[in-house]
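The primary structure of each chain is shown beneath.
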Amino acid sequence: MENRHVYQSGIIGNCAYLAHVQKDSNISWLCWPSFDSSFVFGGLLDSKRGGRFSIQPIAEFTSKQYYIENTNVLRTEITTADGSYRITDFAPRYRQYERYFKPLMLVRKIEPLAGRPRIRINCDPVSAYGQGSFNKFRGSNHVEFSNGIEQMRLTTDVPVSHFFGDEPFVLGETKYLVLTYGQPLEAPLERTAEHFLRETVNYWRTWIKHATISAFYQEAVIRSALVLKIHQYEDTGAIIAAGTTSLPEYPGSGRNWDYRYCWLRDSYYVITALNHIGQFEEMELYANYITNITHADVGRLQPLYGINGQSELTEHILDELAGYQGNKPVRIGNQAYEHIQNDVYGQAMIALLPLYTDYRFVFKERSDAGRWVDYILQKIEKTIDEKDAGIWEFRNFANHHCYSNLFQWAGSSAAHKIGTVIGDQKLIDRADALMKRASYHIEACYDAERGVYTNAVGSPHLDASTLQLIMMHYLDPSSEKARNHLKALERELKTPQGLFYRYLHSDDFGKPKSTFLICAFWHVEALACVGRLDEAVATFEKLLAYANHLMLFSEDVDESNGSQWGNFPQAYSHVGLMNAAYRISMKLDRPIFVG
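Residues numbered from 1 in each chain as written. Predicted model: local features only at pLDDT ≥ 70, side-chain atom pairs only at ≥ 80, totals over all residues. Heavy atoms only, no water.

Side note on the overall build of the protein chain
Helix and strand counts for the protein chain stand at 14 helices and 32 strands. Taking 25 Å as the expected radius of gyration for a compact globule of 595 residues, we find that the protein chain reaches 25 Å, a close match to that expectation. When its C-alpha atoms are laid out on the principal axes, the protein chain stretches across 75 × 55 × 50 Å. Across the 595 residues in the protein chain, those meeting the buried criterion constitute 63%. (Helix = DSSP H or I, 4+ residues; strand = E, 2+ residues; numbered from the N terminus. Rg over C-alpha atoms; globule rule 2.2 N^0.38 Å. Buried < 20%, exposed > 50% of the residue type's maximum accessible area, 1.4 Å probe, protein only.)

Side note on the sheet that holds strand S11 (residues 105–115)
Across the sheet, which stays open at both edges, the eight strands sit in the order S6-S7-S8-S11-S19-S17-S16-S15 with antiparallel pairing between neighbours. Bordering the open sheet on either side are strand S6 (61–67) and strand S15 (135–138), each of which pairs with just one other strand. Between one strand and the next, the sheet's axes are offset by a mean angle of 15°, whatever the strand orientation. Of the pairings in the sheet, the one linking strand S17 (residues 151–156) to strand S19 (residues 175–181) comprises five bridges and is antiparallel in character. Residue pairing across strands places threonine 156 opposite leucine 177, the latter belonging to S19. (Pairing = 2+ DSSP bridges. Axes fitted to C-alpha atoms, helices over the stretch in contact; angles between N-to-C directions.)

A few points about the pairing of strand S8 (residues 83–90)
Counting buried residues in S8 gives eight out of eight residues, a clear majority hidden from the surface. Here S8 shows no split at all, with Gly83, Tyr85, Ile87 and Asp89 on one side and Ser84, Arg86, Thr88 and Phe90 on the other all buried. As consecutive antiparallel partners, strand S7 (residues 74–80) and S8 are separated by two residues. With eight bridges joining them, S8 and S11 adopt antiparallel strand pairing. Counted as the bridge partner of phenylalanine 90 is valine 107 from S11.

Describing the side chain of serine 127
Residue position: serine 127 is located in strand S13 (residues 126–127). Apart from the residues lying within four places of it in its own chain, the contact partners of serine 127 are Ser38, Phe39, Gly132, Ser133, Phe134, Asn147 and Glu150. (Contact = heavy atoms within 4.5 Å.)

Re the environment of isoleucine 518
With respect to the element layout, isoleucine 518 can be found in helix H12 (residues 517–529). Isoleucine 518 sits 49 residues away from leucine 469 along the chain, and the two C-alpha atoms are 16 Å apart. The contact partners of isoleucine 518, leaving out residues within four places of it in the chain, are Tyr572, Ser573 and Gly576.

Notes on the sheet that holds strand S12 (residues 118–124)
Strand order in the open sheet formed by three strands is S5-S12-S18, and the pairing between neighbours is antiparallel. Here the strands that pair on one side only, and so sit at the sheet edges, are strand S5 (52–57) and strand S18 (169–170). Bridge count between S12 and S18: two bridges; the pairing is antiparallel. Bridged to isoleucine 119 within S18 is phenylalanine 169.

A look at the nonpolar core
Counting 203 residues, the largest nonpolar core has Phe53, Ile121 and Phe540 as the members making the most contacts within it. Setting aside chain neighbours within four positions, we find phenylalanine 540 in contact with Phe216, Tyr217, Phe521, Val524, Leu577, Ala580, Ala581 and Ile584. (Core = buried A, V, L, I, M, F, W, Y, C linked by side-chain atoms within 4.5 Å.)

Here we look at the packing of helix H5 (residues 343–357) against helix H8 (residues 402–422)
Their axes nearest at 7 Å, the elements H5 and H8 cross at an angle of 25°. Comparing their axes, H8 and H5 come out roughly parallel. The element H5 and its partner H8 pack so that their crossing is left-handed. Here Asp343, Gly346, Gln347, Met349, Ile350, Leu353 and Tyr356 of H5 lie close against H8, whose contacting residues are Tyr403, Ser404, Phe407, Ala410, Gly411, Ala414, Ala415, Lys417, Ile418, Val421 and Ile422. Across the contact of H5 with H8, the residue classes tally to twelve nonpolar, four polar and two charged. (Parallel < 35°, antiparallel > 145°, perpendicular 65-115°, else oblique. Left-handed = near helix turned anticlockwise from the far one by under 90°. Nonpolar A, V, L, I, M, F, W, Y, C, P; charged D, E, K, R; others polar.)

Digging into the packing of H12 against helix H13 (residues 533–544)
Closest axis-to-axis distance for the H12/H13 pair is 7 Å, and the angle between their directions is 160°. The pairing of H12 with H13 is recorded here as roughly antiparallel in orientation. Relative to H13, the crossing made by H12 is left-handed. When H12 is examined against H13, the residues Leu517, Ala520, Phe521, His523, Val524, Leu527 and Ala528 are found in contact with a partner set consisting of Leu533, Glu535, Ala536, Thr539, Phe540 and Leu543. Class assignment of the residues belonging to the contact of H12 with H13 gives a composition of ten nonpolar, two polar and one charged.

Things to note about the packing of aromatic side chains
Inspection of the entire model under this criterion finds 29 aromatic pairs. Ring centres of tyrosine 403 and phenylalanine 407 lie 4.9 Å apart, and the angle between their planes is 45°; on these two criteria the pair is classed as tilted. In this pair, tyrosine 403 and phenylalanine 407 are both assigned in helix H8, four residues apart and thus about one turn of the helix distant. Accessibility expressed as a relative area gives 2% for tyrosine 403, which makes it buried. Considering the side-chain rings of phenylalanine 521 and phenylalanine 553, the 6.1 Å spacing of their centres and the 85° angle between planes classify their relative orientation as edge-to-face. With phenylalanine 521 in helix H12 and phenylalanine 553 in the loop between H13 and strand S30 (556–557), this residue pair connects regions lying 32 residues apart in the sequence. Taking the relative accessible area as the measure of exposure, phenylalanine 553 reaches 0% and is therefore buried. Every member of this aromatic cluster is reached through a ring pair, and the members are Phe216, Tyr217, Phe521, Phe540 and Phe553. Over the ring of tyrosine 100 we find arginine 95, and its NZ or CZ is 4.8 Å from the ring centre. Across from the ring centre of phenylalanine 164, 5.3 Å away, lies the NZ or CZ of lysine 136, which sits over that ring. (Phe/Tyr/Trp six-rings, centres within 6.5 Å; stacked < 30°, edge-to-face > 60°. Lys NZ or Arg CZ within 6 Å of the ring centre and 35° of its normal.)

Spelled out as structure tokens, the structure:
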């Protein structure tokens with residue numbers, strides 16, 4: 001894949017924050033104090049205004065990056081003519097005092113490997129999305145950063161004077177850098193950093209050992225699981241789509257969105273992925289986040305919410321920032337919170353289903369769930385005949401979307417199952433009536449001549465989201481109708497490389513120019529469902545090539561050269577990989593290994 005654009009970074013995180021570490025050692029993205037705060041390092045969107053935290057030699061260099069196996073601890077090795085050194089970057093996370101220790105703390109360990117490399121460390125944070133700066137004060141063994149509101153401290157055994165001049169120094173021994181937000185580090189530096197590193201590595205490895213992951217491409221699924229885990233904001237249980245904003249879907253497209261929010265309407269896929277790997281704690285936290293929102297919301301459910309359940313996510317454009325590789329606009333907030341997307345109610349209902357069918361939830365935890373079921377069914381009843389913006393969040397037109405009605409059908413089906421479990425015939429009858437109404441609209445999307453379900457009633461356009469008709473078992477996967485529907489979608493939306501477009505018709509911003517990675521993984525699942533297992537495996541293997549050097553996936557891929565675009569890494573792309581791998585492994589009847 002020549003001239004391929006790949007994101008040259010890895011991520012670290014501890015379920016309180018995420019940071020991007022470039023292959024050149026710079027921290028190019030770090031939002032503090034939470035996922036949706038302003039960046040303190042944002043070179044990803046503006047190299048001048050975004051600040052910098054780099055550890056680089058003064059001469060030309062090469063570098064490589066890798067994770068310590070089965071962890072979110074990242075290493076960057078830099079080689080120059082003078083010698084080489086290794087940077088270990090991590091966000092501390094482990095069990096302490098019967099809870100998780102997850103401070104706003106970035107630890108950087110610098111070890112010489114060969115020779116006597118001369119290096120220069122730059123640590124220059126910014127505030128207010130690059131519009132503000134920090135005053136820098138010299139301490140005895142630290143540098144204080146303050147802007148009158150926020151305070152950060154860099155505790156280090158590098159001579160403090162280095163951060164107030166421009167002279168490089170020879171790296172002759174291991175050095176430590178600990179950057180903290182709010183609370184400074186008051187403990188012994190080296191001993192504490194090494195303790196945090198040991199405990200963090202042990203935490204991640206234990207977490208993976210306790211996961212249920214099949215032998216099918218286990219390494220890729222492990223990395224995806226680790227990525228998904230650190231996209232969960234543990235304080236509330238929310239799982240964000242990505243830790244970044246405004247990385248374009250395609251250069252010059254204007255499709256630059258803020259993804260640092262939780263898309264409630266994607267909850268089914270996330271809960272499914274967590275359930276497949278047996279990580280119940282994360283699944284329970286996420287389900288609690290969803291139920292808290294459904295309890296609090298008396299009007300419509302929104303497609304997305306803030307990590308603390310905020311409903312208003314007003315979109316602003318930051319004209320002052322250059323944008324990723326010059327791609328403007330840079331947006332914070334997301335106007336999609338105003339959209340009507342009626343599939344969200346079915347997604348929320350499916351999120352409640354485990355309360356009744358998964359006996360890891362005790363009775364007390366589901367005792368008032370009947371009220372939620374009634375609430376969501378009322379919403380489905382009121383919206384089932386409405387037009388909406390659909391899964392792809394069209395901004396300027398509405399339709400009766402096949403996908404929206406499919407999830408209302410699936411939500412009603414979940415209510416039927418709940419009614420059966422609790423022996424409530426009225427609930428069963430109500431759910432059955434809604435399933436019929438949803439089916440009416442879905443069947444209105446069927447084009448008998450082409451043997452395919454279109455994206456909306458009265459529309460000729462095809463849409464990858466209708467692959468879910470097969471995976472959700474609305475269509476019997478063994479039926480001729482399912483096979484024909486899949487073939488018709490493939491003819492129009494599949495690329496020779498195994499990638500998949502969401503759709504190819506014009507929307508508010510013209511015709512899409514890049515494929516959508518989660519759709520390609522949905523296609524893999526659909527292939528497995530209809531029994532085309534060899535093709536499912538071959539396509540899955542092809543898709544692995546679209547990761548970066550650390551097995552991290554973006555949202556979008558350019559068909560022509562395999563370039564990565566869109567917000568990165570995209571949690572839902574990794575969810576797609578996990579669910580596709582699980583679907584294949586079940587069809588292959590490969591054993592599940594439980595740690």
